[in-house]
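Observations on the model geometry
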Amino acid sequence: MGTFRLGGAGMGSAMMKICARPCVVLLALPMAPKLRVALWLVALAGLMLLCPRPGHGQDFPPEPFRPLGDTAARSTDSIAGPAQRNFAQPSGLDSAAVTTEPQDSTRRLSANLLVRLTLPDTVGYITGWRMDAARWSYPLATIDSSLSTSHMYHLGSPLHGTETSMGMGYSPHLQDDFFARPSLAGALPFWMLAQEDYAATPLQLYHTLGPFARFSAGTNGSTRNNDLLASLLYTQNVTPHVNLGFDVLHGNETGEYLHQEGGVSKGQGFASVSQSRYYLAASVGGSRQQVRHNGGITEDRLLTDTVLRPATVPTRMSQASSLVRSLDATLDGAFDLVQHVVRRRDSAGVNHVYREPRLSLIMQHHYSQRSRRYIDRAPAPNHPPYNISNAYTHDSVAQNTYSVRLGLALHQTPNRALSLPSIRGWVEYRTDEYVMPRPQQYINPTLGERTRTLGVGAHATYRIRHVGLEAFLDSRLWGERSTASSVGGQATVALHRDASKLWFSGGAQLRVEPPHYFLRNYYGNTSQWSLAGQLRPQQTLEINARVHAPWWGGEYGMRNALYRHYTYFDTLAMPSQINTLNILSVYVQQSFRRWGVVAFARGVYQLSSARSIVALPLLMGYAQLGYERELIRSTLTLRLSVEMYYRTAFRADTYNDALGVYHRQNGVRIGNYPMVNVVLNAKWKSANVFVALLHANQDLGSRRYFAGVHYPDRERSVRFGFQWYFL
């Protein structure tokens, strides 16, 4: 039995059951397009208010929307055996496998974050959320503690995909999966896109059933070619209502060739408190990324010379380096105007009282800083005249952003005859500052220009027994990005009475993105342009569909994007646009586990309508085949596997070191080379240990193994490391 509490006083209410068939009325009144979209969203929300909740099925989370049966949103039991010990990834023995998922040992929720944010199907030892800033939602985040992925610890690298890079970790990279790339016309500066994966992250929230810490490290045992990583993670639950923790990471790798090194140092602290009617969360993080550039080898044919050692191959640059810094600070809060008091019984038969929010006043403050400094102490002798100095290159650019949001949040009401949707609406004010060199100014050599933007946004989710709906709107009404807008929706339908076994999702999104400030105006030592009025807003219509079948370990999907005025960097490393572009991507993913044999494969087919503008590998894939056995029951599990990465040949984008961006080139082809690794993984209680032979197939065929244009991939090497979880 539930009662509503308003303004601190309890108030009982009786509500009539309403059941009405929704009807759509088309109002043919002249109005602005943005107003018409807003009225449609309001009408849709009103219609959903009239839809009764059928039956008394599963208690769905209040917000945000997560697909039915989405395995990425579930957790295994925290007391499972060592092979199943996976604190926030639901796949049991392996992150790529499908197993019967155990239930939580108590099924009891703490009266803090778990009654306010999205719930997994089962609550394990640790539950995590990572804020989606664009939609102001809190999707579930995972911590993969399975043994099969313990060797894939490179920050920013795709887990089961390929990328174009400098042939070493912690360096600028561009994923080969087109839809995994950030938009060039988005809110980030172009010089940050290739390194944003290493930057500070937005607000993260975690809830644990006790203290939790993680430490991991890896190396190849060499003093010159090294790759080290260490992190300490999450120590929480100081009190029942307070969660806090920190995350520290450091990694670096020295390349096989001269003047080539990448390194990242990153730290983040976070805290949250949720008590009575108040919720407040804060997160502060920063990162420092330094890369030594060599521009690639001077001649690609030198890679086929088996006599020359990599350290003796001449490179294009000798004294260039870049330093990228990032800072993110977020303050997120809410005050519940209306609460719902419910009583729930856990698996031990004990009743617990929870005060769940129903209507909340919400606010958010966010500050971010992105900066890049590029230094080249020995510019090329035959380079055209420089804009600032012919003897020394020092370019510094930065973007500082502050935004504040105020709004209201209505949370979905479960287990009532009248089921309300979850709706979040807000008003946002944003200010940006752009810093770069000032032309022909030596006393005050930097230019700082500020812009302001005012916008509105909304995000709605609704769940009934086997159907989930999501809609979102983000529109800028005034200021620099006044033409920016995004509207879309997603629907999920369970195709089996057990929603976790088979489901389908599909949706569409329409985006209008004006060109970024640095795309319109830029001044540096090697490049300059002023394209204000020449670049038009990029328009995108994107559709997606996915069938997820954990029943038999399959997942199949497609995405298609139609662009108008698509923005890219041309062969001269200048911003340019093409009138029409279409990108199609289809993927197939399948896993298998039986008789100790484990297998996983993922293949992606991509088709670009303008290959000279957007060049993509036609086919790329990842495959793993291995054998796993539990040697000591509930204590030790071993797995020996062979994995392969592959992409077809294509004319990949090349990296411009001075600008920090990948741009088009139509001469050099890379790809059509399989990268094979042999990996031995072991799980000993709460620790993962791995030994990996990387690039095991070197010298067994062609030697044209390039990670990027003029950048050879890694030589054969042995790496080992461990992950240790402390509970």
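Residues numbered from 1 in each chain as written. Predicted model: local features only at pLDDT ≥ 70, side-chain atom pairs only at ≥ 80, totals over all residues. Heavy atoms only, no water.

1. Regarding the overall build of the protein chain
So the rule is basically this: Only DSSP runs of H or I reaching four residues or more are called helices, and only runs of E reaching two or more are called strands; each is numbered from the N terminus. For the exposure calls, accessible area comes from a 1.4 Å probe over protein chains only, and a residue counts as buried if that area is under 20% of its type's maximum, exposed if over 50%, partly exposed in between. A contact between two residues is defined here by any heavy atoms of the two lying within 4.5 Å. Computed by Shrake-Rupley with a 1.4 Å probe, the accessible areas treat only the displayed protein chains as cover when residues are assessed.
A count of helices and strands for the protein chain gives two helices and 35 strands. A total of 727 residues make up the protein chain; the buried ones form 54% of that total. Sequence-distant contacts, at least 24 apart, represent 66% of the contacts inside the protein chain between residues at least 6 apart. For the protein chain, the computed accessible surface area is about 31600 Å², with 60% contributed by carbon and sulfur atoms.

2. Digging into the pairing of strand E27 (residues 619–632)
In plain terms, the rule: Two strands qualify as a pair provided that DSSP identifies no fewer than 2 bridges between them.
Strand direction decides the pairing type here: strand E26 (residues 597–608) and E27, joined by nine bridges, are antiparallel. Residue pairing in the sheet places Val597 in a bridge with Tyr627 of E27.

3. Here we look at the sheet that holds strand E7 (residues 204–208)
The sheet built from three strands is open, its strands ordered E4-E3-E7 with antiparallel pairing. The two strands at the open ends of the sheet, each matched to only one other strand, are strand E4 (140–141) and E7. Where strand E3 (residues 126–130) lies against E7, five bridges are found, and the strand directions are antiparallel. Note on E7: the bridge partner recorded for Ile126 is Thr208.

4. With respect to the confidence of the model for the protein chain
The line we're drawing: Residue-level confidence of the predictor is summarised by pLDDT, bounded by 0 at the bottom and 100 at the top.
Of the residues in the protein chain, 76% reach a pLDDT of 70 or more, and the chain-wide mean stands at 78. In this model, residues 1–30 is a region of pLDDT below 50 whose contacts with residues beyond four sequence positions or in other chains number 44 contacts. When the criterion is pLDDT under 50, residues 39–108 qualifies, and its contacts beyond four places in sequence or with other chains add up to 224 contacts.

5. Quick notes on the packing of aromatic side chains
Where we set the bar: Classification of ring pairs rests on two measures: the distance between centres of Phe, Tyr or Trp rings, Trp counted by its six-membered ring, which must be within 6.5 Å, and the angle between planes, read as stacked under 30 degrees, edge-to-face over 60 and tilted in between.
Applying the stated criterion across every chain, the model contains 21 aromatic pairs. Relative to Trp426, the ring of Trp136 lies with its centre 5.5 Å away and its plane at 75 degrees, an arrangement referred to as edge-to-face. Pair noted here: Trp136 is in the loop between E3 and E4 and Trp426 is in strand E16 (residues 422–437), with a separation of 290 residues, a long-range link. Both residues of the pair, Trp136 and Trp426, count as buried.

6. Re unusual backbone geometry
Despite not being glycine, Asn672 has its phi angle at roughly 60 degrees, a positive value. Here Asn672 lies in the loop between strand E30 (661–663) and strand E31 (675–684). The backbone of His710 sits at a positive phi, close to 70 degrees, despite the residue not being glycine.

7. Structural notes on the environment of Ala199
Mapped onto the secondary structure, Ala199 falls in the loop between strand E6 (174–175) and E7. When its relative accessible area of 2% is taken as the criterion, Ala199 is described as buried. Spatially, the C-alpha atom of Ala199 lies 5.6 Å from that of Ser287, the residues being 88 residues apart in sequence. When residues no more than four places from it in sequence are discounted, the contact partners of Ala199 are Met192, Lys266, Ser287, Gln289, Ser326 and Arg370.

8. Here's the deal with the nonpolar core
To be explicit about the condition: To qualify as a nonpolar core, a set must consist of buried Ala, Val, Leu, Ile, Met, Phe, Trp, Tyr and Cys residues joined through side-chain atoms within 4.5 Å.
Counting residues in hydrophobic clusters, the biggest one holds 21 residues, and the most contacted among them are Phe190, Phe518, Tyr522, Trp529, Phe569 and Leu659. If you list the elements that add at least two residues to this core, you get E16 and helix H2 (517–520). Counting residues per element, this core draws most heavily on H2, at three residues. Once you skip the residues sitting within four places of it in the chain, Phe518 turns out to touch Pro189, Phe190, Trp191, Ala398, Gln399, Tyr434, Val435, Met436 and Trp529.

9. Here's the deal with the pairing of strand E19 (residues 485–494)
With burial as the criterion, only one face of E19 is covered, namely that bearing Ser486, Gly488, Gln490, Thr492 and Ala494; the residues Ser485, Val487, Gly489, Ala491 and Val493 on the opposite face remain uncovered. With nine bridges connecting them, strand E18 (residues 467–479) and E19 associate as antiparallel partners. Bridged to Asp474 within E19 is Ser486. Here E18 folds back onto E19 in antiparallel fashion, the turn holding five residues. Pairing analysis gives 10 bridges linking E19 to strand E20 (residues 503–513), with the strands arranged antiparallel. Bridge pairing in E20 links Val493 to Phe504.

10. What to know about the side chain of Arg424
Considering the arrangement of structural elements, one finds Arg424 in strand E16. Note on Arg424: relative accessible area 4%, which makes it buried.

11. A short note on a positive patch on the surface
Rules: What makes a patch is a set of residues exposed beyond 30% relative accessible area and free of salt bridges, joined within 9 Å when like-charged and within 5 Å when nonpolar (Val, Leu, Ile, Met, Phe, Trp, Tyr). What makes a salt bridge here is a side-chain nitrogen of Lys or Arg within 4 Å of a carboxyl oxygen of Asp or Glu, nothing more. Charge counting treats Lys and Arg as positive and Asp and Glu as negative, with His and both chain ends excluded. Every charge is mapped to an atom, namely NZ of Lys, CZ of Arg, CG of Asp or CD of Glu.
On the surface, Arg288, Arg325, Arg373 and Arg377 cluster together to form a positively charged patch. Within the fold, Arg377 resides in the loop between strand E14 (351–376) and strand E15 (393–410). In this structure Arg377 comes out as partly exposed when scored by relative accessible area, which is 44%.

12. Thoughts on the pattern of salt bridges
Scanning the model with the defined rule gives 20 salt bridges in all. Taking the shortest distance from any N to any O, the salt bridge between Asp176 and Arg647 comes out at 2.8 Å. A residue pair is termed long-range when its members are at least 10 positions apart, and Asp176 in the loop between E6 and E7 and Arg647 in strand E28 (residues 636–647) qualify at 471 residues. On the basis of relative accessibility, which here comes to 7%, the residue Arg647 falls in the buried class. Salt bridges linked by common partners bring Arg405, Glu428, Asp474 and Arg476 together as one network.

13. Some details on the side chain of Glu542
To keep it simple, the criterion reads: As used in this structure description, the phrase polar contact means that two N or O atoms lie within 3.5 Å; if the pair is within protein, one of them must be able to donate a hydrogen and the other to accept it, and residues adjacent in sequence are counted only when both atoms belong to side chains.
Looking at where Glu542 falls in the secondary structure, it is placed in strand E23 (residues 538–549). Overall, Glu542 belongs to the buried group, its relative accessible area being 7%. There is a polar contact of 3.3 Å between the side chain of Glu542 and the side chain of Arg511. Apart from the residues within four sequence positions on either side, Glu542 is in contact with Phe179, Gly507, Ala508, Gln509, Arg511, Arg559, Asn560 and Ala561.

14. Side note on the environment of Leu331
Relative to the helices and strands, Leu331 is located in strand E13 (residues 320–345). Sequence separation of Leu331 and Ala281 is 50 residues, and the distance between their C-alpha atoms is 5.9 Å. Setting aside residues no more than four positions away along its own chain, Leu331 makes contact with Leu280, Ala281, Ala282, Met363, Gln364 and His365.

15. Brief notes about a nonpolar patch on the surface
Together, Leu640, Val642, Val678, Leu680, Val691, Val718 and Phe720 make up an exposed nonpolar region whose accessible area comes to about 540 Å². Contributing elements (two or more residues each) for the nonpolar patch: E28, E31 and strand E35 (717–726). Looking at the element boundaries, Val642 is found in strand E28. For Val642, a relative accessible area of 40% corresponds to the partly exposed category.

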